[in-house]
Amino acid sequence: MMTSLEIFQPVIQCLTLFLSSSLGVDVAVIDRQCRLIASTRSYVEHKGQAVHSPFIAEVITKGKIIVTQPGRMNLCLGCRFQEHCPSTAEILSCIKLEHDPLGVISLTSFTEEGRARLNNNPDRFFELLNIISNLLSAILKQKTINEEFMQKMLSAIMKLTNDAILYIDSAGNIKNYTSAAGRLFRTDNLFNTPLEELFADDILSQLRSGQKISNYSFKSKNFSYIISSVPINISNKFSGAVIQINTPAEGRNTLIKKRLYTLVDIKGNSNEIYTLKTRIKNIAQSNSTVLITGESGTGKELFAQAIHSESKRNGGPFVAVNCAGIPETLLESELFGYEEGAFTGAKKGGKPGKFELANGGTLFLDEIGDMPLHLQVKLLRVLQERTVERIGGLFPVPLDIRIIAATNKNLEEEVKNKKFREDLYYRLNVIPIEIPPLRSRIEDIEPLALFFLNRFAKALGKNISGFSHRTLELLKAYPWPGNVRELENTIEYAVNMETENFVEPQSLPEKLRAKNFEAMPSIREKKLSLEYNTVKLALDKYGWNLEGKKRAAEELGVSLRTLYRILQKAEKKRGDY
């Protein structure tokens, strides 16, 4: 006698709720007799219990189909929704036990947003349905479900969702949870956390007794919650519950988050800084990978955070990893995470990696040029497939993240020297951003110095309002090999030393007072000459009248005001001789 999906209807119903939550579409499971075994409530509200059998027969025959024009396909003939189908798109896949088809699992959208989600990346959804089909087949083949198997199944399903979800046993102990739940409760280990510390008393008894809960709202001292809970019953006995936690908009605003830098925090008056800010605004809404290059101390993470803050991902996490600051033996587990028992010393329940923790947001890989070659291969796979597998894991975890990488190395040279993979370099270098060193943008030294002065004077309780003229000359003459970071440390030192209202030269470190740096004016002159010559070439091309200047400014990517400023500075310089 053929195994029936109906035997495990409660488990399959739980699974459909998981999938719907994680994928943002409705889910239904139909057996080969065209009976609706499990589905989301919205699916039944739109389509009812009856199933159009030709579709099910087609899926069982072909293994999978995608419906891009519901109601207008040949298979729709005879369906009661033929003239007014409520669905906007469907993806269906066959469930098999070994080689025997048992039924069909369907992802269905009833909105335009869901239609775009299904149609834009059908291969990803077919891959996920294949994983779910294998899970269902394993359950059916085993014919019985024990708690250990249930935990493994839920663990696999939970990796498909970006929601905050806990799985508790019948005693109320947390047996598994998603990375989003760890972020919500600000911990990477919830296993030893009593439920009393997470939820109010009025909800605890319902969770522990196995009651079904739908969108229950309450407030604790730190959070506002919306909770849903699905009980898990094995052999008609309560075995645990799956708890989904959402935070409403007003609740999310109460979460304590580290303030990230924005474009306002990028100080400077130079044309280079203006151009960089404009580029960040242009690329912020994209999901394309960004590679930030520049010398040490130029503020690469500041720019990465500004990109995240300007993007539609700014409500999600910003996770930074210094690839050079983590020992090579630990870097892989930090990035990719691991399952319980993956290696000696692995935590109970495993641990999510930085990729999972960044889901829904941005992952910043600093010092990417120092990543070992064998991990470069794994990173390339993540970038290509947008999934990640934990060490010792069996199932890929879908990722919705933006990657921003940074390095102070010349990666093209590293590629030539076989120290960096060429294919990975091109995957990372989709949107290149180069931060120029401080010595090449002298105009930024004064506003940066004043910004640091105000910060440290306030922190140290000193009434220092500015710099003497000679001090500014010394600051602008110094080549700043350590860039903005060195300038910041220098100003902190000066504020500690100064006893008057203005920072005088004697309060600066000795290295800034030891030389006159006579070579620096020639560097400024070369920079001015380069700017002027570039503008001159563009004006020679388009003409020196107003229209020509507008077209030249547009080609150079600068404002008309900046173009005039370059011309005026060059004219003034000639008048000084």
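Only a predicted model underlies this, so the values are computations on that prediction, with no experimental measurement involved. (Residues numbered from 1 in each chain as written. Predicted model: local features only at pLDDT ≥ 70, side-chain atom pairs only at ≥ 80, totals over all residues. Heavy atoms only, no water.)

**Comments concerning the overall build of the protein chain**
Applicable threshold: Secondary structure elements are taken from DSSP: a helix is a run of H or I of four residues or more, a strand is a run of E of two residues or more, and numbering for both begins at the N terminus. Relative accessible area decides the class of each residue, using a 1.4 Å probe on protein chains only: under 20% of the type maximum gives buried, over 50% gives exposed, and in between gives partly exposed. Should any heavy atoms of two residues lie within 4.5 Å, those residues are considered in contact. The protein chains shown are the only cover counted for residues, whose accessible areas, like all others here, come from Shrake-Rupley with a 1.4 Å probe.
Within the protein chain, the regular secondary structure consists of 23 helices and 19 strands. In the protein chain, buried positions account for 49% of the 577 residues. Of the contacts made within the protein chain by residues no fewer than 6 positions apart, 64% connect residues no fewer than 24 positions apart. Accessible surface, the protein chain as shown: approximately 28,400 Å² in total, 49% of it carbon and sulfur.

**Here we look at the pairing of strand β5 (residues 100–109)**
Under the convention used in this document: Two strands pair if DSSP finds at least two bridges between them.
With respect to burial, β5 is a largely interior element, 9 of its 10 residues being buried. When strand β1 (residues 26–31) meets β5, the two strands line up antiparallel, connected through 6 bridges. The partner of Val29 across the bridge, within β5, is Ile105. By the bridge criterion, 9 bridges tie strand β4 (residues 89–97) to β5 in an arrangement that is antiparallel. Opposite Ser93, over in β5, you have Ile105 as the bridge partner. Linkage of β4 to β5, two consecutive antiparallel strands, is achieved through a turn of 2 residues, within which Glu98 is found at a positive phi near 60°.

**Some words on empty space enclosed by the protein**
Heads up, the rule is: Both site types are read off a 1 Å grid over the protein atoms alone. A 1.4 Å probe that fits but cannot get out defines a cavity, while an open set with protein on both sides within 12 Å along at least five of seven lines defines a pocket; lining residues have an atom within 4 Å of a point. Grid points are joined across faces, edges and corners, and a volume is the space filled by probe spheres set on the points. We call Asp, Glu, Lys and Arg charged. Ala, Val, Leu, Ile, Met, Phe, Trp, Tyr, Cys and Pro are nonpolar, and the rest, Gly among them, are polar.
Going through the model one piece at a time under the given rule, you end up with 2 cavities of 30 Å³ or more. Counted as a void, the largest cavity has a volume near 240 Å³. Lining the largest cavity we find 21 residues, and of these Lys47, His52, Phe55, Cys79 and Glu90 sit closest to its centre. Those elements that place two or more of their residues in the lining of the largest cavity are α2 (41–47), α3 (53–62) and β4. Among the residues making up the lining of the largest cavity, the classes are represented as 13 nonpolar, 5 polar and 3 charged.

**Looking at the pattern of salt bridges**
Just so we agree on the cut-off: Salt bridge, as used here, is a side-chain nitrogen of Lys or Arg placed within 4 Å of a carboxyl oxygen of Asp or Glu.
Applying the stated criterion across every chain, the model contains 22 salt bridges. For Lys536, the salt bridge is made with Asp540, and the minimal N-O distance between the two is 3.1 Å. Here Asp540 and Lys536 lie together in helix α21 (residues 520–542), a separation of 4 residues that amounts to about one turn. Sharing partners across several salt bridges, the network here consists of Glu334, Lys351 and Lys354.

**Considerations on unusual backbone geometry**
In most cases, non-glycine residues show a negative phi, while peptide bonds are predominantly trans. Unusually for a residue other than glycine, Glu367 sits at a positive phi of about 55°. Assessed through its relative accessible area of 15%, Glu367 is described here as buried. Positive phi outside glycine occurs at Arg386, with the angle close to 55°. Counting through the fold element by element, Arg386 comes out in the loop between α14 (373–385) and β14 (387–388).

**Examining the state of the cysteines**
Here a disulfide denotes a covalent bond joining the sulfur atom of one cysteine to the sulfur atom of another. For clarity, the threshold we go by: Note on terminology: pairs of cysteine sulfur atoms within 2.5 Å are recorded as disulfides.
Taken as a whole, this structure holds 0 disulfides when the rule is applied. Of the cysteine sulfurs around Cys76, a residue in no disulfide, the closest is that of Cys85, at 6.4 Å.

**Observations regarding the packing of helix α10 (residues 271–283) against helix α11 (residues 300–310)**
What counts here: Only the stretch in contact is used when fitting a helix axis, every axis being a line fitted to C-alpha atoms; angles between N-to-C directions are given from 0 to 180 degrees. Should an angle fall under 35 degrees it is called roughly parallel, over 145 degrees roughly antiparallel, and 65 to 115 degrees roughly perpendicular, with every other angle called oblique. Each crossing gets its handedness from the near helix: less than a right angle anticlockwise from the far helix is left-handed, clockwise is right-handed.
Running from amino to carboxyl end, α10 crosses α11 at an angle of 40°, the nearest separation of the two axes being 9 Å. Regarding the angle of α10 to α11, the classification is oblique. Of the two elements, α10 crosses α11, and the hand of that crossing is right-handed. Two secondary-structure elements touch here, α10 through Ile273, Leu276, Ile280, Lys281 and Ile283 and α11 through Phe303, Ala306, Ile307 and Glu310. Among the residues forming the contact of α10 with α11, the class breakdown is 7 nonpolar, no polar and 2 charged.

**Thoughts on the nonpolar core**
Defined as follows: The criterion is simple. A nonpolar core is a set of buried Ala, Val, Leu, Ile, Met, Phe, Trp, Tyr and Cys residues joined through side-chain atoms within 4.5 Å.
Counting 30 residues, the largest nonpolar core has Phe355, Leu363, Leu365 and Ile368 as the members making the most contacts within it. Of all elements in the fold, only β12 (318–322), α12 (328–336), β13 (362–366), α14, β16 (402–407), α15 (411–416) and α16 (422–428) reach the threshold of two or more residues within this core. Element by element, the count of residues in this core is highest for α14, at 5 residues. Not counting chain neighbours up to four residues away, the residues in contact with Phe355 comprise Leu335, Phe336, Leu363, Leu379, Val382, Val388, Leu399, Ile401 and Ile403. Among the nonpolar cores identified, the runner-up in size contains 26 residues, and Val27, Ile91, Leu118 and Leu129 belong to it.

**A word on the side chain of Arg390**
We apply this condition: Polar contacts, as used here, are pairs of N or O atoms within 3.5 Å; protein pairs need one atom able to donate a hydrogen and one able to accept it. Residues neighboring in sequence count only if both atoms are side-chain atoms.
Following the sequence through the fold, Arg390 ends up in the loop between β14 and β15 (397–398). Judged by its relative accessible area of 10%, Arg390 is buried. A polar contact is formed between the side chain of Arg390 and the side chain of Glu356, at a distance of 2.7 Å.

**Observations concerning α12**
Within α12, burial applies to Leu331, Ser333, Leu335 and Phe336. Looking at the packing, one finds that the buried side of α12 touches β12, α13 (354–357), β13, α14 and β14. With its phi angle positive at about 75°, Gly337 sits one or two positions after the end of α12.

**A few points about the packing of aromatic side chains**
Condition: Planes of paired rings set the category: under 30 degrees apart is stacked, over 60 is edge-to-face and the rest tilted, where pairs are Phe, Tyr or Trp rings (Trp by its six-membered ring) whose centres lie within 6.5 Å. We call a charge positioned above a ring when the Lys NZ or Arg CZ atom is no farther than 6 Å from the ring centre and deviates by at most 35 degrees from the ring normal.
For the structure shown, the criterion picks out 6 aromatic pairs. Residues Phe318 and Phe364 carry aromatic rings whose centres are separated by 6.1 Å and whose planes lie at 25° to one another, so their mutual orientation is stacked. In this pair, Phe318 sits in strand β12 while Phe364 sits in strand β13, placing the two residues 46 residues apart along the sequence. Each member of the pair, Phe318 together with Phe364, is buried. Plain terms: the ring middles of Phe336 and Phe355 are 5.3 Å apart, the flat faces sit at 35° to each other, and that makes the pair tilted. Taken together, the positions of Phe336 in helix α12 and Phe355 in helix α13 put the pair 19 residues apart, joining distant regions of the chain. Here the two residues Phe336 and Phe355 agree in accessibility, since each one is buried. In this structure, Lys378 packs its charged tip against the face of Phe336, placed 4.3 Å from the ring centre. For Arg455, the ring lying beneath its charged end belongs to Phe456, and the centroid distance is 5.5 Å.

**Topic: the side chain of Ser93**
In this fold, Ser93 is placed in strand β4. For Ser93, the residues in contact, after removing those within four places along its chain, are Val59, Gly63, Lys64, Gly103, Val104, Ile105 and Leu129.

**With respect to the sheet that holds β4**
On the basis of which strands lie adjacent, the open sheet formed by 5 strands has the order β2-β1-β5-β4-β3 and antiparallel pairing. Each edge of the sheet is formed by a strand with only one pairing partner; in this case those strands are β2 (36–39) and β3 (64–67). Averaged over all adjacent pairs, the angle separating strand axes in this sheet is 20°, with direction ignored. For β1 and β2, the ladder comprises 3 bridges, and the chain directions are antiparallel. Each residue of the ladder has a partner; that of Ile30, found in β2, is Leu36. α3 contacts β1, β3, β4 and β5 of the sheet and is inclined by roughly 135° relative to β3.

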